[in-house]
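Each chain, letter by letter, is given below.
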Amino acid sequence: MRAQLLDGSARSVLETVQHLGYLQLDPTNVVARTEFLVLWSRLGPYDRNELARLLWEERSLFEWRAFLYPVADLPLYRSRMRRFPIGEGGWQRRVRAWLRANARFRRYVLDELRRNGPLRSRDLEDRSTEPWKSTGWTGNRNVGQMLEFLWARGELATVGRAGSQRVWDLAERWYPPGEALPDAEADAELERRRLRSLGIDRRGPGAPVQIRGADGEWRADPEALDRRGEALPRRTTLLSPFDRLIHDRDRTEALFGFRYRLEIYVPRAKREYGYFVLPVLQGDRLVGRIDPEHDRRAGVLRVNAVYWEPGARAVSLKRTLESLARLVGAREVSA
């Protein structure tokens, strides 16, 4: 909990992202987008405009491949960028082959941005020689795929939003100057930071430990071990389905005895709990789950259902839900 700043110690948006290492972006907006929920779980109500300010005005954060990162960590990620796509799997080989086949298209995109940027994807022509083949939604979306791949390679950067559309420019004009760390050093440091932000996990460079009630060997961050036995405040909050405390479902079940699945893609009749259920965290225990929905037209945060874990005592969610309502701009809570 302390490693994830769920102990009430978080003080600002920037410091929270810096400590966690990154913040996942997800457009699912039943209550609020996941990046806002993750911050709220740690900070309580805060100004949601702060993220945009840090990204586009102060440039203390940067967006890369569906995550936000501290710009101070850019040398670590430049290492990943220059190696994209990392690995020798079928998809990686296909990306490399497609970029080679569309070298002229790549030059066109870079030249247009150099002359006329920042630009949206709709401002660029599809000049691909070979279309991107996919059975998913990216099939033949050649401009979008070229932008995504050049972004992943560190050649482009997102520099703003025009509505829901990303605005692109050359990375050299947006990112601060600097070099990538050596690959081995960057990888080792990212692993160290990953374990620091989790506190404990199945893998990592930390100390091997055994956890009572959880099979196998685990690795603990040394700082987390130093604070064993310290009492945690019994604060109550709700977690985004993409919160890193519960993102690894197997880890969540092993550590907390809490089985959690996101049911967005489950047919309504087969859902066990609800469309966008949020786990309830009290202190260091996952004690239940709640199915909320923000009715923006009515200005109401509705609670469709609350489920308590076997053996857990029901706790009052009144203050927690009022806090969440303030975050999303709802005038009232209907429970």
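About the thresholds
Residues numbered from 1 in each chain as written. Predicted model: local features only at pLDDT ≥ 70, side-chain atom pairs only at ≥ 80, totals over all residues. Heavy atoms only, no water. Helix = DSSP H or I, 4+ residues; strand = E, 2+ residues; numbered from the N terminus. Rg over C-alpha atoms; globule rule 2.2 N^0.38 Å. Buried < 20%, exposed > 50% of the residue type's maximum accessible area, 1.4 Å probe, protein only. Salt bridge = Lys/Arg side-chain N within 4 Å of Asp/Glu carboxyl O. Phe/Tyr/Trp six-rings, centres within 6.5 Å; stacked < 30°, edge-to-face > 60°. Lys NZ or Arg CZ within 6 Å of the ring centre and 35° of its normal. Expected span 1.5 Å × (residues − 1). Contact = heavy atoms within 4.5 Å. Pairing = 2+ DSSP bridges. Axes fitted to C-alpha atoms, helices over the stretch in contact; angles between N-to-C directions. Core = buried A, V, L, I, M, F, W, Y, C linked by side-chain atoms within 4.5 Å. Polar contact = N/O pair within 3.5 Å; in protein donor to acceptor, adjacent residues only side chain to side chain.

A. Molecular detail of the overall build of the protein chain. Looking only at helices and strands, one finds 12 helices and 13 strands in the protein chain. Computed over the C-alpha atoms, the radius of gyration of the protein chain is 22 Å, within 12% of the 20 Å expected from 2.2 N^0.38 for a compact globule of 335 residues. In terms of its C-alpha atoms, the protein chain occupies a principal-axis envelope of roughly 65 × 50 × 40 Å. Counting only residues that meet the buried cut, the protein chain has 47% of its 335 residues in that class.

B. Main features of unusual backbone geometry. The residue after Phe84, namely Pro85, is reached through a cis peptide bond having omega -5°. Turning to its location among the elements, Pro85 is positioned in the loop between helix H4 (74-83) and helix H5 (90-101). A cis amide bond links Gly117 with the next residue in sequence, Pro118, at an omega value of 0°. Looking at the secondary structure, you find Pro118 in the loop between helix H6 (103-116) and helix H7 (142-152). For Leu5, which is not a glycine, the phi torsion comes out positive at approximately 60°. Within the secondary structure, Leu5 is located in the segment before helix H1 (13-20). Here Arg65, not a glycine, exhibits a phi torsion of approximately 55°, which is positive. Turning to its location among the elements, Arg65 is positioned in the loop between strand E2 (61-64) and strand E3 (67-70). Since its relative accessible area comes to 37%, Arg65 is described here as partly exposed.

C. Molecular detail of the pattern of salt bridges. Evaluation of the coordinates by the stated rule reveals 31 salt bridges. With its nearest N and O atoms 2.9 Å apart, the salt bridge here joins Arg82 to Asp183. In this pair, Arg82 sits in helix H4 while Asp183 sits in helix H9 (residues 183-198), placing the two residues 101 residues apart along the sequence. Since its relative accessible area comes to 27%, Asp183 is described here as partly exposed. Across the pair Arg219 and Glu217 runs a salt bridge whose closest N-O atoms are separated by 3.5 Å. When its relative accessible area of 25% is taken as the criterion, Arg219 is described as partly exposed. By sharing partners, the salt bridges in this structure join Arg80, Arg82, Arg83, Asp183 and Asp187 into a single network.

D. Layout of the packing of aromatic side chains. Evaluation of the coordinates by the stated rule reveals 19 aromatic pairs. When the centroid spacing of 6.3 Å and the interplanar angle of 25° are considered together, the rings of Phe258 and Tyr260 count as stacked. Neither Phe258 nor Tyr260 differs from the other in exposure class; each is buried. Three or more aromatic residues joined by ring pairs form one cluster here, namely Tyr22, Phe62, Trp64, Phe67, Tyr69, Tyr77 and Tyr175. In this structure, Arg94 is placed above the aromatic ring of Trp132, and the distance from its NZ or CZ to the ring centre is 4.2 Å. A cation sits over an aromatic face here: Arg289 above Tyr273, 4.3 Å from the ring centre.

E. Seen up close, H6. Here H6 spans 20 Å end to end across 14 residues, near enough to the 20 Å set by a 1.5 Å rise per residue. For H6, the elements touching its buried residues are H5, H7, strand E4 (156-162), strand E5 (165-170) and helix H8 (171-174).

F. Expanded view of the sheet that holds strand E11 (residues 285-295). The five strands lie next to each other as E9-E10-E11-E12-E13, forming an open sheet whose pairing is mixed. One side of each edge strand has no neighbouring strand; the edge strands of this open sheet are strand E9 (236-238) and strand E13 (332-334). Between one strand axis and the next, the sheet turns by 35° as a mean value, whatever way the strands run. Taken together, the three bridges between strand E12 (residues 300-308) and E13 define a ladder with parallel strand orientation. Of the residues in E13, the one forming a bridge with Arg302 is Ser334.

G. Here's a closer look at the nonpolar core. Within the largest apolar cluster, 39 residues are counted, with the highest numbers of intra-cluster contacts made by Phe62, Tyr77, Val109, Leu156 and Tyr175. No other element matches H7, which puts seven residues into this core. Ignoring anything within four residues of it in the chain, the contact list for Tyr77 reads Gly21, Tyr22, Phe62, Trp64, Tyr69 and Leu190. Membership of the second largest hydrophobic core comes to 37 residues, among which are Val30, Tyr46, Ile264 and Leu317.

H. Representation of the sheet that holds E3 within the structure. With antiparallel pairing, three strands are arranged side by side in an open sheet as E1-E3-E2. A single partner strand is all that each edge strand has here, and the edge strands are strand E1 (23-24) and E2. Of the pairings in the sheet, the one linking E2 to E3 comprises four bridges and is antiparallel in character. Counted as the bridge partner of Leu61 is Pro70 from E3. H4 rests against E2 and E3 of the sheet, and its axis sits at about 15° to E2.

I. Expanded view of the environment of Tyr108. Of note, Tyr108 is situated in helix H6. Separated by 16 residues in the primary sequence, Tyr108 and Leu124 place their C-alpha atoms 9.0 Å from one another. Here the side chain of Tyr108 touches Glu125 through a polar contact of 2.8 Å, landing on its backbone nitrogen.

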